[in-house]
Amino acid sequence: MSKTLEQRVQRLEDMDEIAKLQARYIDYNDGGWKGGTHQFPEAVADLFVDDGIWEGPNGTAKVQGREAITELFRQFAAVPFIVHCVTNPLVEIDGDTAQGEWHAIIPSTMPDGQGLWTIGKYINDYVRTEQGWKYKRLCFEAATITRYEQGWGKEQFSEQLLICLLYTSDAADDMQCV
């Protein structure tokens, strides 16, 4: 069955709004060259539905609800430099819900000065609300998290780095992230 012109236009508008949602998430978090990183934790949380879920790389963290997301992103402000380079959107819309995948290359510097490469993809669930599209679930699946000096050719994953990515862990307090 062929879609009407109105349905096709709605799909394009939905795709555009979801792409802008992803771009706002990135923009609210990147920094370190002119101002700090993660300077807008409340704005990040507002991109999610009330009971939205944020999941860190490969199970390093999972928080639910805007209050928990806000607190987590306040802690991320300790990261002095981060840039999310996000590409290759694959978004499937089904009425008022959607699923999307976005590849990402994320160079960053940890609070101890260690440079990292994080490469992987966002796997997200979206829902249309009265305020527009929001995240129901944002999840990052890492293909590699490695020290800048090592690169993914020598060290695809470092368990220590997975823990150090999130300074909310008690274990991270006792570790050097180098």
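All residue numbers refer to positions counted from 1 along the written sequence of the respective chain. Selection of residues for local features in this predicted model requires a pLDDT of at least 70, selection of side-chain atom pairs for listing and counting requires 80 or more, and totals for whole chains, interfaces and linings are taken over all residues. Each side-chain value is worked out from all heavy atoms of the structure, with water and hydrogens disregarded.

*Asks:* I keep staring at the nonpolar core and nothing clicks. Help me out?
*Replies:* The nonpolar side chains of a soluble globular protein tend to be buried, and buried together. Note on terminology: a nonpolar core comprises buried Ala, Val, Leu, Ile, Met, Phe, Trp, Tyr and Cys residues joined through side-chain atoms within 4.5 Å. Exposure is judged per residue with a 1.4 Å probe applied to protein chains only, and the accessible area is read against the type maximum: over 50% gives exposed, under 20% gives buried, and values in between give partly exposed. Membership of the largest hydrophobic core comes to 32 residues, with the highest contact counts inside it found for Tyr25, Trp54 and Tyr122. Numbering of helices and strands starts at the N terminus; helices are DSSP runs of H or I of at least 4 residues and strands are runs of E of at least 2. Among the secondary structure elements, those contributing two or more residues to this core are α1 (5–29), α2 (41–46), β1 (48–55), α3 (66–76), β5 (97–109), β6 (115–129) and β7 (132–147). Ranked by residue count, the leading element in this core is β7, at 6 residues. By the convention used here, residues are in contact when the closest approach between their heavy atoms is within 4.5 Å. Tyr25 has contacts with Val44, Leu47, Trp54, Phe73, Tyr122, Tyr135 and Leu138, leaving out every residue within four places of it along the chain.

*Asks:* Would you mind showing me how to read unusual backbone geometry here?
*Replies:* Excluding glycine, residues mostly carry a negative phi; peptide bonds, for their part, are mostly trans. For His38, which is not a glycine, the phi torsion comes out positive at approximately 50°. Looking at where His38 falls in the secondary structure, it is placed in the loop between α1 and α2. The class for His38 is buried, based on a relative accessible area of 7%. Even without a glycine there, the phi angle at Asn88 is positive, about 55°. For Asn88, the position within the fold is in strand β4 (residues 85–94). For Asn88, a relative accessible area of 46% puts it in the partly exposed group.

*Asks:* I keep staring at α1 and nothing clicks. Help me out?
*Replies:* To estimate how far a helix should reach, multiply one less than its number of residues by 1.5 Å. In this model α1 runs 37 Å from its N-terminal to its C-terminal C-alpha over 25 residues, within 8% of the 36 Å that 1.5 Å per residue would give. Listed in full, the buried residues belonging to α1 are Asp14, Ile18, Leu21, Gln22, Tyr25, Ile26 and Asn29.

*Asks:* Help me out: how do you make sense of the pattern of salt bridges in this one?
*Replies:* When the charged atoms of two side chains with opposite charge come close together, those side chains can pair. By definition, a salt bridge exists where a carboxyl oxygen of Asp or Glu is found within 4 Å of a side-chain nitrogen of Lys or Arg. Tallying each qualifying case throughout the model produces 11 salt bridges. Across the pair Arg128 and Asp96 runs a salt bridge whose closest N-O atoms are separated by 2.6 Å. Linking Arg128 in strand β6 with Asp96 in the loop between β4 and β5, this pair joins segments that are 32 residues apart in sequence. Using a relative accessible area of 45% as the deciding quantity, one classes Asp96 as partly exposed. For Lys121, the salt bridge identified is with Glu101, shortest N-O distance 2.9 Å. Placement of the pair is Lys121 in strand β6 and Glu101 in strand β5, with a sequence separation of 20 residues. In this structure Lys121 comes out as partly exposed when scored by relative accessible area, which is 21%. Look at the salt bridges and you will find they share partners, linking Asp14, Asp96 and Arg128 into a network.

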